[in-house]
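Survey of secondary and tertiary structure
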Number of protein chains: 2
Amino acid sequence: MTGLQIFPLPGLPEFVPGDDLAGMLAARNELEDGDVLVVTQKIVSKAEGRIVPIDTDDPRGHKTIVEEESVRVLRRRGELIISETSHGFICANAGVDLSNVEHGHAALLPVDSDRSARRIRDVVKGIAGIEIGVIISDTFGRPWRRGVTDVAIGSAGIGPILDLRGTNDSLGRELMVTEVCVVDELAAAADLVMGKSEGFGAAIIRGVPADWFRSGSIVDEIVRSPAEDLFR
Amino acid sequence: MTGLQIFPLPGLPEFVPGDDLAGMLAARNELEDGDVLVVTQKIVSKAEGRIVPIDTDDPRGHKTIVEEESVRVLRRRGELIISETSHGFICANAGVDLSNVEHGHAALLPVDSDRSARRIRDVVKGIAGIEIGVIISDTFGRPWRRGVTDVAIGSAGIGPILDLRGTNDSLGRELMVTEVCVVDELAAAADLVMGKSEGFGAAIIRGVPADWFRSGSIVDEIVRSPAEDLFR
């Protein structure tokens, strides 16, 4: 059967600052050459020490951290802030998140989420001797459509965009839709097996076409420049 | 191995108006009870006769159709129009698409994409005697992030939103992110195995948790009302 298999990596511990997340993932015997490993932002942020204390009884505490993590605020409504992060991501509350974090603390986004992904990829290559793609995923809302979905905030070894320019459709006509954000589709697919309440923090996607693997970063390829964006 | 398997349905014909798409899908022996069947908008639109002639040498021809399919225009830039369709979807060119359509024609969105999904589900149940979820997918751009991804524009038998309200995270704290748009994640996952240039128009996702199957429509659950939308 051609296609993809997606399964969670169970039994990950609660990570704390300084934990060797990359080494721990590299030691898992589930990983195979050519896999895409999707790791949630939450465990990356914990291992990288991107956890800050917060007075959860004081909404201003959360708001202050969100503003510190934002380079620009796009919209406010009640306690919700939609802002742009230093990476260029536009999301709710600058990605600052209180769930799945010890009470009294908030998780911030990794400082450089593409670098976080590269580090995991490099360590897995060094320890396990296999080439994989790595995606750091996070849960974002979006305009116009209710519900959240997971997207890629960092990647390594897997091309963020699959460029179909120059290829023809099934009727021989050149394709209009040419740039597919496969890393976001992979992040979304991985979320389906993780379950936000079950403590899974990583998943493996097996069967990804070999020609999707290349270097490239989310910040370089996926973040849309303000000049070409119609909704800022 | 727990998790999901995703694979394309190969060998689908070029559909023409009046084709019994639902019957043809129901006759496929790949489908099993509890599968989610993702069908692209393109083959649904073709089978439902939502194909219109267009003078492809005259940009005004395309523009006129896009405006006819729009209830409201949000943004214009060059030949690109971001507008709201009668369903409430906000997307480029009202979903009017020239790729994978016979030259000189354009495909419009299904009139009622939730109904299209229900019809396929009901026919599969009637002919094959199995209960499946059905998603009609289409390829949308999005603000702030480059590249397109597939989303659900119609569904039947699978809950569009997975509501995690009241569940706790791995540390016993009530989850903040509570409503996951699993149908969009399923549509994105299915796109990974379809390939826009290879003429695959449907994929099967196997292993979806049994409690995700319920009634519910995309238009009712996913389309965000203007009042709660911050980006119109």
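Structure shown above.
Right, let's walk through the structure included here. In this text the structure is predicted, and so the values were computed from the model without any measurement.

**Let's talk about the interface of chain A and chain B**
Accessible area lost upon the coming together of the parts serves often as the stated size of an interface. Taken residue by residue, the interface counts 61 residues in chain A and 61 residues in chain B. Contributions of two or more residues to the side of chain A that touches chain B are made by strand E1 (4–8), strand E4 (70–77), strand E9 (149–156), strand E11 (179–180) and helix H5 (182–194) of chain A. Among the elements that make up the side of chain A that touches chain B, the one with the highest residue count is H5(A) (nine residues). By the bridge criterion, three bridges tie E1(A) to strand E1 (residues 4–8) of chain B in an arrangement that is antiparallel. Residue pairing for E1(B): A:Gln5 is matched across the bridge by B:Gln5.

**Description of unusual backbone geometry**
All names here are of chain A. Positive phi, close to 55°, is recorded for Asn93, a residue that is not glycine. Mapped onto the elements, Asn93 comes out in the loop between strand E6 (90–92) and strand E7 (105–107). Here the phi dihedral of Ala94 falls at roughly 50°; this positive angle occurs in a residue that is not glycine. Among the secondary structure elements, Ala94 is positioned in the loop between E6 and E7.

**Describing the pairing of strand E2 (residues 36–40) of chain B**
Moving residue by residue along a regular strand, the side chains alternate between the two faces of the sheet. Residues and elements named next belong to chain B. Most of E2 is tucked away, with five of its five residues classed as buried. Of the two faces of E2, both are covered, the one formed by Val36, Val38 and Thr40 as well as the one formed by Leu37 and Val39. As paired elements, E2 and strand E8 (residues 133–140) share five bridges and run parallel to each other. Looking across to E8, one finds that Thr40 is bridged to Ser137.

**Focus on the packing of H5(A) against helix H5 (residues 182–194) of chain B**
Where H5(A) contacts H5(B), the two axes come as close as 8 Å, and the packing angle between them is 125°. The orientation of H5(A) with respect to H5(B), classified from their angle, is oblique. As for the relative orientation of H5(A) and H5(B), their crossing is left-handed in sense. Mapping the contact onto sequence places A:Val182, A:Asp184, A:Glu185, A:Leu186, A:Ala188, A:Ala189, A:Asp191 and A:Leu192 in H5(A) and B:Val182, B:Asp184, B:Glu185, B:Leu186, B:Ala188, B:Ala189, B:Asp191 and B:Leu192 in H5(B). For the contact of H5(A) with H5(B), the per-class residue count stands at 10 nonpolar, no polar and six charged.

**So, the relation of the copies chain A and chain B**
Each of the two chain copies can be brought onto the other by rotation about an axis and movement along it. For these two chains of identical sequence, chain A goes onto chain B by a turn of 180° and a shift of 0.0 Å along the axis, with RMSD 0.0 Å. One copy is carried onto the other by what is essentially a two-fold rotation axis. Mapped onto chain B, 100% of the interface residues of chain A are again interface residues, and the two copies thus contact each other with one and the same surface.

Rules behind the numbers
Residues numbered from 1 in each chain as written. Chains lettered and ligands numbered in written order. Predicted model: local features only at pLDDT ≥ 70, side-chain atom pairs only at ≥ 80, totals over all residues. Contact = placed C-beta atoms within 7 Å. Helix = DSSP H or I, 4+ residues; strand = E, 2+ residues; numbered from the N terminus. Pairing = 2+ DSSP bridges. Buried ≥ 20, exposed ≤ 12 C-beta atoms within 10 Å, placed from the backbone. Axes fitted to C-alpha atoms, helices over the stretch in contact; angles between N-to-C directions. Parallel < 35°, antiparallel > 145°, perpendicular 65-115°, else oblique. Left-handed = near helix turned anticlockwise from the far one by under 90°. Nonpolar A, V, L, I, M, F, W, Y, C, P; charged D, E, K, R; others polar. Least-squares fit on C-alpha atoms with pLDDT ≥ 70 in both.

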